[in-house]
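Take a look at the letters that make up each chain.
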Amino acid sequence: MLSRKGLIPEDYVVTRLAEDVLQPKFKAKQRKARFVAKNGACNVAHTNIREQGRFLQDVFTTLVDLKWLHTLFIFTMSFLCSWLLFAMIWWLIAFAHGDLDAGRADAVPCVTDIHSFSSAFLFSIEVQVTIGFGGRMITEECPSAVLTLIVQNIVGLVINAIMLGCIFMKTAQANRRAETLIFSKHAVIAARNGHLCFMFRLGDLRKSMIISATVRMQLVRRGTTDEGEVLPLEQVDVQTDNPVGTNAIFLVSPLIISHVIDRSSPLYDVCAADLQRQDLEVIVVLEGVVETTGITTQARTSYICDEILWGQRFVPTVSEEDGMYAVDYSKFGNTVRVPTPTCSAKQLDEQGGLARLKLREAVAAAGRSSVRRRVKKQQSTSQEE
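Quantities reported herein were computed from a predicted structural model and do not represent experimental measurements.

Our next topic: the overall build of the chain. The number of helices and strands found in the chain is 8 helices and 13 strands. Relative to its full complement of 385 residues, the chain shows a buried share of 36%. In the chain, of all internal contacts separated by at least 6 residues, the share reaching a separation of at least 24 is 68%. When the accessible surface of the chain is split by element, carbon and sulfur atoms take 57% of a total near 23,400 Å².

Written out as structure tokens, the structure reads:
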């Protein structure tokens, strides 16, 4: 994994977050549990699963999903059990043929130099891992020994293929690549191109790119249907405005992904004051194909109300230096305040939009300045008299 210490100062590293912006301090109140953690882990516990046998129908995926300690334990026990099983078979073959009888020294044994269970266990290991030390070898005396040799070789190959494939998949899991895909710790809401927009920043620390990267957003909140049914986790799709205008993003440098808060947006009725009263969570999912391995990867994060900053925007991080574009990751999550209406997008549309609101503010400001000039003129006239 690419080390981040050379790219991002330690003050800006928080799990997969590239900044440590001071959060606004509001009166603390108890909130519902997060659906998705900042590092992308889903905060969901599956309980009372009665059909446990379904996991055994897909043994390979179950082994890959296990913890490393459990996988290594199963890996070790599978080999030990197979060695012990076939050691018992080799010992029974030698016992049935009389090879363990010391009085038959001149007879041809099924397997040479097997005198006890320990020697049968050592021969089982030599057969399955294809190690030949030269002391023990199979002869043509017993067809059952030849058949056992073939079966053990096949079983050993199957165990090697499953276990080595499982370990390879665990070391090359796509979520490891997602560790270098970073999201801004905070999202912002500000005016952009005449509309209120919900924005966050994402970036990739590696030089190898994510091919066909796409970003999806969902809003999770407590909802109620028209029939009165309560939905504890209502998931609403949030349309994203791709900065490059196509379905896939070109994530060669940090990008600001925005969502225009319009009539179809679930944030249409939310104003600045509502952010501290509502329990909503915006989930962001980035999907793409790893360029070096061809494996599809997914990175996730979420933003709750306390992590959404109203009236701020992200500072630029890309600059041109010596004919190259340099990205300063120390500014990845930095924001600055910008003039932004505190009303909701719905109220803004009812007032004629952002342009008309700015015009009204300009007229009001001009009127106030005209009144101040008139007052100053009257005061100067009175002083002259």
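More follows now that the structure is in view.
With that settled, consider the environment of Ile-162. With respect to the element layout, Ile-162 can be found in helix H5 (residues 143–171). By relative accessible area, which is 38% here, Ile-162 ends up partly exposed. For the pair formed by Ile-162 and Leu-63, sequence separation is 99 residues and the distance between their alpha carbons is 9.5 Å. Excluding anything up to four places from it in sequence, Ile-162 contacts Phe-60 and Leu-63.

With that out of the way, let us pick up unusual backbone geometry. Positioned with a positive phi, Thr-130 is a non-glycine residue whose angle comes to about 55°. Within the element layout of this structure, Thr-130 appears in the loop between helix H4 (117–128) and H5. Thr-130 sits in the exposed class, given a relative accessible area of 66%. Residues other than glycine seldom take positive phi values, yet Asn-193 does so here, at roughly 55°.

Here the focus is the nonpolar core. Soluble globular proteins: nonpolar side chains tend toward being buried together. Judged by nonpolar contacts, the single largest core of 37 residues is most densely connected at Phe-198 and Phe-200. Not counting chain neighbours up to four residues away, the residues in contact with Phe-198 comprise Ala-187, Val-188, Ile-189, Met-217, Ile-257, Ser-258, His-259, Ile-261, Leu-267, Val-282, Tyr-303 and Ile-308. Residues Phe-86, Val-111, Ile-114 and Ala-145 belong to the second largest nonpolar core, which totals 12 residues.

Let us look at a nonpolar patch on the surface. On the surface, Phe-60, Val-146, Ile-150, Ile-154, Val-158, Ile-162, Phe-168 and Met-169 cluster together into a nonpolar patch covering about 690 Å² of accessible area. Along the chain, Met-169 falls in helix H5.

One pass over the structure, following the stated rule, counts 1 disulfide. The disulfide that involves Cys-110 links it to Cys-142, with 1.6 Å between the sulfurs. Between Cys-110 and Cys-142, the S-S torsion sits near -50°, and that sign places the bridge as left-handed. Placement of Cys-110 in the loop between helix H3 (68–97) and H4 and of Cys-142 in the loop between H4 and H5 is noted, with a sequence separation of 32 residues between them. For the pair formed by Cys-110 and Cys-142, the shared burial category is buried.

Below, the discussion takes up H4. What sets the pattern is the α-helix's 3.6 residues per turn: residues three or four places apart point alike. Look at H4: 16 Å from first C-alpha to last across 12 residues, which is about the 16 Å you get at 1.5 Å a residue. When H4 is considered as a whole, its buried residues turn out to be Ser-119, Ala-120, Phe-123, Ser-124, Glu-126, Val-127 and Gln-128. Taken together, the buried residues of H4 touch H3 and H5.

The next subject is the sheet that holds strand E5 (residues 230–238). Within the open sheet, the 4 strands sit side by side as E5-E4-E7-E8. Their pairing is antiparallel. What marks the edges here is a single partner per strand, and that holds for E5 and strand E8 (296–304). Looking at each pair of strands side by side, their axes are set apart by 25° on average, direction ignored.

Contact pair H4 / H5: the axes reach a minimum separation of 9 Å and the direction vectors enclose 60°. As judged from the angle between their axes, H4 and H5 are oblique. By crossing handedness, the relation of H4 to H5 is classed as right-handed. Along its contact with H4, which presents Ser-124, Val-127 and Gln-128, the element H5 presents Leu-149, Gln-152, Asn-153, Gly-156 and Ile-159. Class assignment for the residues of the contact of H4 with H5 results in 3 nonpolar, 5 polar and no charged.

A few words now on the packing of H3 against H4. Running from amino to carboxyl end, H3 crosses H4 at an angle of 120°, the nearest separation of the two axes being 8 Å. Regarding the angle of H3 to H4, the classification is oblique. Viewed along their axes, H3 and H4 form a crossing whose handedness is right-handed. Facing H3, whose interface residues are Phe-79, Ser-82, Trp-83, Leu-84, Phe-86, Ala-87, Met-88, Trp-90 and Trp-91, H4 presents Phe-117, Ala-120, Phe-121, Phe-123, Ser-124, Ile-125 and Gln-128. Partitioned by chemical class, the residues of the contact of H3 with H4 number 13 nonpolar, 3 polar and no charged.

A few words now on the pattern of salt bridges. If you walk through the whole model with that rule in mind, you get 3 salt bridges. Note that Glu-126 is salt-bridged to Arg-136, the shortest N-O span being 3.4 Å. Taken together, the positions of Glu-126 in helix H4 and Arg-136 in the loop between H4 and H5 put the pair 10 residues apart, joining distant regions of the chain. The residue Arg-221 makes a salt bridge to Glu-234 at a minimum N-O spacing of 4.0 Å. Linking Arg-221 in strand E4 (residues 210–224) with Glu-234 in strand E5, this pair joins segments that are 13 residues apart in sequence.

Reading the values: the criteria
- Residues numbered from 1 in each chain as written.
- Predicted model: local features only at pLDDT ≥ 70, side-chain atom pairs only at ≥ 80, totals over all residues.
- Heavy atoms only, no water.
- Helix = DSSP H or I, 4+ residues; strand = E, 2+ residues; numbered from the N terminus.
- Buried < 20%, exposed > 50% of the residue type's maximum accessible area, 1.4 Å probe, protein only.
- Contact = heavy atoms within 4.5 Å.
- Areas by Shrake-Rupley, 256 points an atom, 1.4 Å probe, with all protein chains shown as cover.
- Core = buried A, V, L, I, M, F, W, Y, C linked by side-chain atoms within 4.5 Å.
- Patch = residues over 30% accessible without salt bridge, like charges linked within 9 Å, V, L, I, M, F, W, Y side chains within 5 Å.
- Salt bridge = Lys/Arg side-chain N within 4 Å of Asp/Glu carboxyl O.
- Disulfide = S-S within 2.5 Å.
- Expected span 1.5 Å × (residues − 1).
- Pairing = 2+ DSSP bridges.
- Axes fitted to C-alpha atoms, helices over the stretch in contact; angles between N-to-C directions.
- Parallel < 35°, antiparallel > 145°, perpendicular 65-115°, else oblique.
- Left-handed = near helix turned anticlockwise from the far one by under 90°.
- Nonpolar A, V, L, I, M, F, W, Y, C, P; charged D, E, K, R; others polar.

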